[in-house]
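So you can see what is in the structure, the chains are spelled out below.
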Amino acid sequence: MPSDDREHPAVSPTAAEPSPCAEPTPRLALVRTVPAVPTPRLPAALLDDGADDAALDRAFISAAARYWHPVARSRDVGQQPWGATLLGVPLVLWRPVASNGVSALVDQCPHRGVPLSAGTVDAEGRLRCAYHAWAFAGDGRCVEVPQQPGRRIPDVVAARRVRVAEGAGLVWACLVEAADEARPRPRFPEIEDRAWPHHVGAAQDWSAQAARQVENFCDIGHFSVLHPDTFGNPRVRTVEPYPVHRDGDTVRAEYRYPAVDPVAEPGPDGRRPVGETHFRYRIELPFGVWLAGAHGPGSVMFAVSAPTTATTLRLYWMSAFDPAVHGDGPVDGAALQTVEDRVWAPDRRIVESQRPVRLFAAHEVHRSFDALGVAYRRALRDLGFAPTPAPPAPSHPASGPRVSLVRHLR
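In this text the structure is predicted, and so the values were computed from the model without any measurement. (Residues numbered from 1 in each chain as written. Predicted model: local features only at pLDDT ≥ 70, side-chain atom pairs only at ≥ 80, totals over all residues. Heavy atoms only, no water.)

How should I be thinking about empty space enclosed by the protein in this particular structure?
Gaps between atoms show up when a probe of the same size as a water molecule is rolled over them. Per the stated rule, a full pass over the model turns up four cavities of 30 Å³ or more. Residues that form the lining of the largest cavity fall into these classes: ten nonpolar, two polar and three charged. Taken together, Ile-220, Gly-221, His-222, Phe-223, Ser-224, Val-236, Arg-237, Thr-238, Val-239, Tyr-255 and Tyr-257 make up the full set of residues lining the second largest cavity. Contributions of two or more residues to the lining of the second largest cavity are made by α5 (223-226) and β14 (250-260). Taken together, the residues that form the lining of the second largest cavity break down as six nonpolar, four polar and one charged. (1 Å grid on protein atoms, 1.4 Å probe; cavity = no way out; pocket = protein on both sides within 12 Å on 5 of 7 lines; lining within 4 Å. Points joined across faces, edges and corners; volume = space filled by probe spheres on them. Nonpolar A, V, L, I, M, F, W, Y, C, P; charged D, E, K, R; others polar. Helix = DSSP H or I, 4+ residues; strand = E, 2+ residues; numbered from the N terminus.)

Hey, could you run me through helix α4 (residues 210-217) in this one?
Counting along an α-helix, one turn takes 3.6 residues, and residues three or four places apart therefore face a common direction. Of all eight residues that make up α4, eight are buried, and the element is covered over most of its length. Residues of α4 that are buried include every one of Ala-210, Ala-211, Arg-212, Gln-213, Val-214, Glu-215, Asn-216 and Phe-217, and no others. (Buried < 20%, exposed > 50% of the residue type's maximum accessible area, 1.4 Å probe, protein only.)

Whenever I open this one, the sheet that holds strand β6 (residues 127-128) confuses me. Can you help?
Consider a sheet: its strands pair through backbone hydrogen bonds, and that pairing is either parallel or antiparallel. Read from one edge of the open sheet, four strands run β5-β6-β7-β8, paired in antiparallel fashion. Since the sheet does not close on itself, it has two edges, and those belong to β5 (120-121) and β8 (142-144), each with one partner. Relative to strand β7 (residues 135-136), β6 runs antiparallel, the two being bridged by two bridges. The residue of β7 that forms the bridge with Leu-127 is Phe-136. (Pairing = 2+ DSSP bridges.)

I keep staring at the pairing of strand β1 (residues 69-73) and nothing clicks. Help me out?
Residues in a regular strand project their side chains so that they alternate between the two faces of the sheet. Across the five residues that make up β1, a large majority, five, are buried. Where β1 meets strand β10 (residues 170-174), four bridges bridge the pair, whose relative direction is antiparallel. Residue pairing across strands places His-69 opposite Ala-173, the latter belonging to β10.

What should I look at first to understand the pairing of strand β15 (residues 274-284) in this one?
In the sheet, β14 pairs with β15 via eleven bridges, with the strands oriented antiparallel. Paired with Tyr-257 across the two strands is Thr-277, which belongs to β15. Looking at chain direction, β15 and strand β16 (residues 288-292) are connected through five bridges and run antiparallel. In the strand pairing of β16, Glu-284 is matched with Gly-288. Where β15 folds back on β16, the antiparallel hairpin that results is connected by three residues.

Would you mind going over the environment of Ala-386 with me for this structure?
With respect to the helices and strands, the residue Ala-386 is situated in the segment after α8 (371-382). Its relative accessible area of 11% is what places Ala-386 among the buried residues. Each C-alpha atom, one on Ala-386 and one on Arg-58, is 8.9 Å from the other, the two residues being 328 residues apart in sequence. Sequence-distant contacts of Ala-386, defined by excluding residues within four places in its chain, comprise Ala-59, Phe-360 and Arg-381. (Contact = heavy atoms within 4.5 Å.)

I keep staring at unusual backbone geometry and nothing clicks. Help me out?
Working note: non-glycine residues mostly have negative phi, and peptide bonds are mostly trans. Cis geometry marks the peptide bond from Leu-285 to Pro-286, where omega comes out at 5°. Looking at the element boundaries, Pro-286 is found in the loop between β15 and β16. In this model, Arg-355 is joined to Pro-356 through a cis peptide bond whose omega is 0°. Its place among the elements puts Pro-356 in the loop between α7 (333-353) and α8. Even without glycine at this site, Ala-168 takes up a positive phi of about 60°. Relative to the elements of secondary structure, Ala-168 occurs in the loop between β9 (163-167) and β10. Residue class for Ala-168 comes out buried when judged on its relative accessible area of 4%. Phi is positive for Ala-195, which is not a glycine, with a value near 55°.

I keep staring at α8 and nothing clicks. Help me out?
Taking 1.5 Å per residue as the helical rise, α8 with its twelve residues ought to reach 16 Å, and the 17 Å between its terminal C-alpha atoms agrees with that figure. The elements touched by buried residues of α8 are α4, β13 (244-247), β14 and β15. Looking one or two residues past α8, Gly-384 carries a phi angle of roughly 90°, positive in sign. (Expected span 1.5 Å × (residues − 1).)

Explanation requested: the environment of Arg-73 in the structure shown.
Along the polypeptide, Arg-73 turns up in strand β1. Relative accessible area serves as the criterion here: at 14%, Arg-73 is assigned to the buried category. Each C-alpha atom, one on Arg-73 and one on Val-200, is 7.9 Å from the other, the two residues being 127 residues apart in sequence. Each residue touching Arg-73, except ones within four places of it in the same chain, is listed here: Gly-169, Leu-170, Val-171, Val-200, Gly-201, Ala-202 and Tyr-316.

Help me understand the nonpolar core, please; the structure alone is not making it clear to me.
Looking at soluble globular proteins, one finds that nonpolar side chains tend to be buried together. Counting residues in hydrophobic clusters, the biggest one holds 85 residues, and the most contacted among them are Tyr-281, Ile-283, Phe-287 and Phe-385. At seven residues, the largest contribution of residues to this core is made by strand β18 (residues 313-321). For Tyr-281, the contacting residues outside a window of four places in its chain are Phe-217, Cys-218, Ile-220, Phe-223, Val-251, Arg-252, Ala-253, Val-289, Trp-290, Leu-291 and Leu-372. (Core = buried A, V, L, I, M, F, W, Y, C linked by side-chain atoms within 4.5 Å.)

Could you clarify how one ought to interpret the sheet that holds β1 in this entry?
The strand order across the open sheet formed by three strands is β1-β10-β9, and the pairing between neighbours is antiparallel. Two strands lie at the open edges of the sheet, namely β1 and β9, each paired on one side alone. In this sheet, adjacent strand axes meet at a mean angle of 35° when their direction is disregarded. (Axes fitted to C-alpha atoms, helices over the stretch in contact; angles between N-to-C directions.)

Laid out in C-alpha cells, this is it:
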C-alpha cells in the first residue's frame, strides 16, 4: 500500500479529486509562534507580598531589643500606672511608694491578660489589676489574690519584669537581661554628670522607622532646602566634603554651616542674621544622637528615637547649656519648645512620607554629602539591623539527562 505520510490538502474528506487543470487548493499557512510579551517590571512597592517586610522587621526587633531605649520622661512617671510601648511590647511603669526608682512590667496580667496599666497603685505601692484586684510588686511577683486570702501564691504567678533605669531626664528600658544587652545605656554627661541647665522637650510620636528619623536628624544636605523659616540658609546649598569616623558604639562627624538665627527679627533687607554654626554629631548607636552647637556655642542637644514598633517611633529630645557661656539660670523651656516645634514639623512630614518605610528595604542612590548617613547605615548593618542575605541556591539543569563531556576511549 502506498505510504500515507504525504501532506494532505486542507479540504473536506468528501471533496472530489481535483483535475490537473483546476486551480490548486491553497495550503493552510503555518502559524508563527509569537514570543510571550515579558511581564512589565513594576515597582517593588506594587509587588511586595509582605514576606520581605516580615524578615526585615524580625531582624530590626531582634537587634533593637538588645539596647536601652527611653520609654518615658522622668517627670511623667509617678505613683500611678503609666503605659508605654517598646518594640511592640506594652509596658506599665510606676514608682512604688517604698522606692525612689521606677518599676516596669509587661503590661499584661498573668491571670486573664488585662492591661495592668488600667489598674491602680494601692497605699503600699503595689500595682492592682483592674479586673480581679490582684496585687503585684515592683519585681512582678503577685503578692495578693483577694479571692483566696491567706493562700500561698506560686512563684509562676507573676508579671514579667522589665529592666529600667533613669538618666538625663528620661526613663530607659531594656527588654533583655544584662548578659544579653549589646551595650550599656547611653549617658549624656552634660546633664547627668555636669548638671548643666537643661530642658527636656515634649515627646513626639512619628509614623516612621527610628532609623529613618536618625538619618534625617543627621542629614546636612537638607538644611537649606527644608528649613528656610528657621535655621536653614536658602542662599547656601552647597555641602562641602566632611570626614566621618566610626568609633565602637558611635559614629562622629563635624560640619560648619552658615545658619540663620531662627529667633532674630529680620533686618531692613528682610533677612535674619547669619552666623557660622559648628555642628558636631555623635551618633550613639543605634538611635541616639548627641549634637553640639544646635542652639549656639556651649549648647548640646540630645535626640533619641525610641522604636515603639519596627516601623513607628517616639522621639525624645532635650537641650543643655554650658553655664560658663549661658549662665546658670533656668532654661526658657517654652521658648525652646516653640523653636524646636517649628524645626521638627517639616522633618516629621518628610520622614513620614518616605517609601519604603523600612530603611533596609530601600534601594537608594547616595552622594558625597550623604557620608554621615551612609556610615550610619553601615553601622546598623554591622549590628544586625538588616537580615543576612541567604546564600544563592545551587543551579540545576532544566530537564533531561546530563551529558558527560568525558570522551570514552575504546
